[in-house]
Amino acid sequence: LALLEGHKDGVWSVGWSPDGSRLASGGADGTVRLWEVESGRELALLEGHKGRVNSVGWTSEGDVWTSGLLGLVLLWPANLQPTPAAAGAEQPSRTYTNAKVLVVGESGAGKTGLTRRLATGSFEESEASTVGAWATQWPLPQPAAAGPAGSGPEREIWLWDFGGQADQRLIHQLFLDRAALVLLLFNAEREEVIEGLRDWQLALRRTLKQPPPQLLVAARVDAGFGASRSRLQRYAAESGSRFLETSAMEGTGCPELTRAIEEAIPWDALPRHSSPLLFQQLKTEILRLRDGGEALLTTKDLSERLRHKLPNVDAATLRTVLGLLDGPGVLKQLDYGDYVLLKPEWLGVYGQIVVRALLQADRQLGALPVGAIAAAALPFAVDQPRLPAAEEQILLAELERQLQERKICLRQGGQLVFPSYCGRERPASPALPPLFMSYAVRGWLNDTYATLVVNLAETRVFQLRDLWRDAAEFQTCATPAAEGGQAMAVQLQRHNATEGTLTLHTSAALSLPEQAMFAQLIHSHLGEAAESVQRRRHWLCPHCHAPKGNEAVLMEKLARDGEQARVTCDACDRTFPLYDELR
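All chains use their own residue numbering, which begins from 1 and follows the written sequence. The predicted origin of the model limits local features to residues at a pLDDT of at least 70 and limits the giving and counting of side-chain atom pairs to 80 or more, whereas totals for whole chains, interfaces and linings rest on all residues. Note that the side-chain values use all heavy atoms of the structure and ignore hydrogens as well as water.

**Some remarks on the overall build of the protein**
The condition that has to hold: Secondary structure elements follow DSSP: runs of H or I no shorter than four residues count as helices, runs of E no shorter than two count as strands, and numbering proceeds from the N terminus. Any residue under 20% of the maximum accessible area for its type is buried, any over 50% is exposed, and the rest in between are partly exposed; the area is computed with a 1.4 Å probe on protein chains only. Whether two residues are in contact is decided by their heavy atoms: any pair within 4.5 Å suffices. Here the Shrake-Rupley method, with its probe set to 1.4 Å, supplies the accessible areas, and only the displayed protein chains count as covering residues.
Counting its regular elements, the protein contains 13 helices and 31 strands. Burial analysis of the protein (583 residues in total) assigns 49% to the buried set. A sequence separation of at least 24 residues applies to 64% of the contacts in the protein between residues at least 6 apart. Working note: accessible area of the protein is about 26,700 Å², and carbon and sulfur atoms make up 50% of it.

**Section: the sheet that holds strand 18 (residues 339-341)**
To keep things clear, this is the line we draw: Paired strands, in this sense, are two strands between which DSSP finds at least two bridges.
Spatially, 16-18-17 is the arrangement adopted by the 3 strands of the open sheet, whose pairing is antiparallel. Single-partner strands in this sheet number two, and they are strand 16 (296-298) and strand 17 (332-333). Where strand 16 meets strand 18, 3 bridges bridge the pair, whose relative direction is antiparallel. Within the sheet, the bridge partner assigned to Leu297 lies in strand 18 and is Val340.

**A short note on the pairing of strand 12 (residues 179-187)**
On a regular strand, one side chain projects to one face of the sheet and the next to the other, so that they alternate. Taken across its 9 residues, strand 12 has 9 buried, putting it largely inside the fold. Note: strand 9 (residues 93-105) against strand 12, 6 bridges, orientation parallel. By the bridge assignment for strand 12, Gly105 is matched with Leu185.

**Things to note about the side chain of Glu285**
Along the polypeptide, Glu285 turns up in helix 6 (residues 277-291). According to the relative accessible area criterion, Glu285 is buried, its value standing at 14%. Contacts of Glu285, omitting those with residues within four sequence positions, involve Leu306, Lys309 and Leu310.

**Considering the nonpolar core**
For clarity, the threshold we go by: Only buried Ala, Val, Leu, Ile, Met, Phe, Trp, Tyr and Cys residues count toward a nonpolar core, and they belong to the same one when joined by side-chain atoms within 4.5 Å.
Core analysis: the largest hydrophobic core is formed by 71 residues, its most contacted members being Leu102, Leu216, Leu232, Ile286, Tyr350, Val354 and Phe418. Here this core gets 9 residues from one element, more than from any other, and that element is helix 9 (residues 345-360). Setting aside residues up to four positions removed in sequence, Leu216 forms contacts with Leu184, Phe186, Leu197, Leu232, Tyr235, Ala236, Ser241, Arg242, Phe243 and Leu244. Counting residues in hydrophobic clusters, the runner-up holds 32 residues, among them Tyr439, Val453, Phe518 and Ala530.

**Here we look at helix 11 (residues 445-457)**
Given 3.6 residues per turn, any residue in an α-helix points the same way as the ones three and four places further on. Defined as follows: Expected span of a helix, by definition, is 1.5 Å for each gap between consecutive residues, and there is one gap fewer than residues.
Compared with an ideal rise of 1.5 Å per residue, which puts 13 residues at 18 Å, helix 11 spans 18 Å between its outermost C-alpha atoms and is within 8% of the ideal. The buried fraction of helix 11 is high, at 11 of 13 residues. Among the residues of helix 11, those classed as buried are Leu445, Asp447, Thr448, Tyr449, Ala450, Thr451, Leu452, Val453, Val454, Leu456 and Ala457.

**Notes on helix 6**
In this model helix 6 runs 21 Å from its N-terminal to its C-terminal C-alpha over 15 residues, within 8% of the 21 Å that 1.5 Å per residue would give. In the stretch just after helix 6, Gly293 is the one whose phi turns positive, near 115 degrees.

**Describing the sheet that holds strand 25 (residues 488-494)**
To keep things clear, this is the line we draw: Here, axes are lines fitted to C-alpha atoms. For helices the fit covers the stretch in contact, and angles between N-to-C directions go from 0 to 180 degrees.
Pairing is antiparallel in the open sheet, where 6 strands are placed in the order 23-24-25-26-22-27. Unpaired on one side and paired on the other, strand 23 (462-467) and strand 27 (532-537) mark the two borders of the sheet. Sheet twist, expressed as the average angle between the axes of neighbouring strands with direction ignored, equals 20 degrees. Note that strand 24 (residues 471-476) and strand 25 share 4 bridges and pair antiparallel. The partner of Phe474 across the bridge, within strand 25, is Met488.

**A short note on the pattern of salt bridges**
It is possible for side chains bearing opposite charge to pair when their charged atoms get close. The condition that has to hold: Salt bridge, as used here, is a side-chain nitrogen of Lys or Arg placed within 4 Å of a carboxyl oxygen of Asp or Glu.
Considering all chains together, one arrives at 21 salt bridges under this definition. The shortest N-O distance in the salt bridge between Glu192 and Arg231 comes to 3.3 Å. With Glu192 in the loop between strand 12 and helix 3 (194-207) and Arg231 in helix 4 (residues 229-238), this residue pair connects regions lying 39 residues apart in the sequence. Arg401 serves as the salt-bridge partner of Glu405, at 2.6 Å between the closest nitrogen and oxygen. One end of the pair, Glu405, and the other, Arg401, are both in helix 10 (residues 389-405), 4 residues apart, so they sit about a helical turn from each other. Shared partners join several salt bridges into a network, and the residues in it are Asp29, Arg33 and Glu42.

Any functional reading would require information beyond the geometric quantities listed.
Written out as structure tokens, the structure is:
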């Protein structure tokens, strides 16, 4: 419901007042803070502990007690009237809410022009298509007065413009978290746009577990309207979206779009920030440096840059504010070297170069040598915008780490393997092990398949033996592949860009518990990664290993008869149960 910002280190304890109107908090910064719950205002800063405050609470009379290091307990009276000299009277603060809005669509849809029109109120011609993603801040007018504090929280939007090329969607996964609204744009000049819109919606559902509201926006209507308005209106209604028409160049429809954005964002569901005025001043100065072109600084360098504007800011306050800006992705604190990436969109710029390297190199492999990204051994274009060499090296090391952390690639020996970029076709022979289960899958197939292969290989239960464009072969780490062949495999059969069948294969020599573990890991992954999944079991005779069909009939028989379900093998005429660990 709310984020109360003020502590400069970890918060160790909180306690509600008896009437629920106030909150006390104690932290590792040695302070106790009192908050007014309804408004989020900081009422008092209580100083007296000489170290960490371990616990806070309230008596039935409304007094506050606090305990800290060295056995020190302090009691603060209910009628406490702090003064500036004593306890730091009510702190100047600002209450605000921010929303992250994604602007997505095919390349050439007019996303960048419309984003700049919304944020600045003027049109600026784009020199080239967006590479990766970039963000811009869009403050909104103060909402009408509400509540006893006299006004509602201030509102602001961060607009994120995403490159439209299909091969950039690997990079988009680095920036999609915490979206409050999606603007789904298309170029109004084009006749066929709905299929591309569907692809984008599937990609968003794949990455965002709870997709936010969407607005369907026709851009560049000043150049003409080639698509069918009636079909677009039906599509918008079917997908629960609102349809709007705009022109960034002329400003047509932009006021209506602005109102629609403000209305569609679920402001009441977003956390309300209550922040000391000093925090806000510090955020403003950091963003000014960011907008002035600074990309990567150490915390020490950043502190020096800010000192002449805000001389009283200490290191603890700076780190706290950096953490608050890191949350929504406005900047990123790197895990090493005490660096702050003021422009996270540079990850997208360099990520696109990684994609180019995968496409231009040996496409049979879908892999790069470990360290190639960090060493900048990539196909940079002559006019490619780049950071200075020292900053570039730090950024590329961070990018390589994030690609592995987000399961986009897998470290396999001396290679970083990107399963969705593997173009090696599997030969007709040798044959895969026998089929024992299949799934009808709907969703973004490249991502679903890639993350599945990476997850299986990282379990330390199964070892990746070979990788193909749409097939991966494994063996158990404890036992070599049975009989000189592959112990298990997954294979993707594509029906179209978003629908396919994933088949699971295991050696007859593999035990049922091992098969069950393999199947369960895949089943769990598909349940999370795919838009929809339908499982179908396939049976092998345990005596002669001949397949038994029809699978649909057998599954109905298993559902009907349960543990008593049995069938006769067509090859050896022996009976066997359908009910087992893989049921």
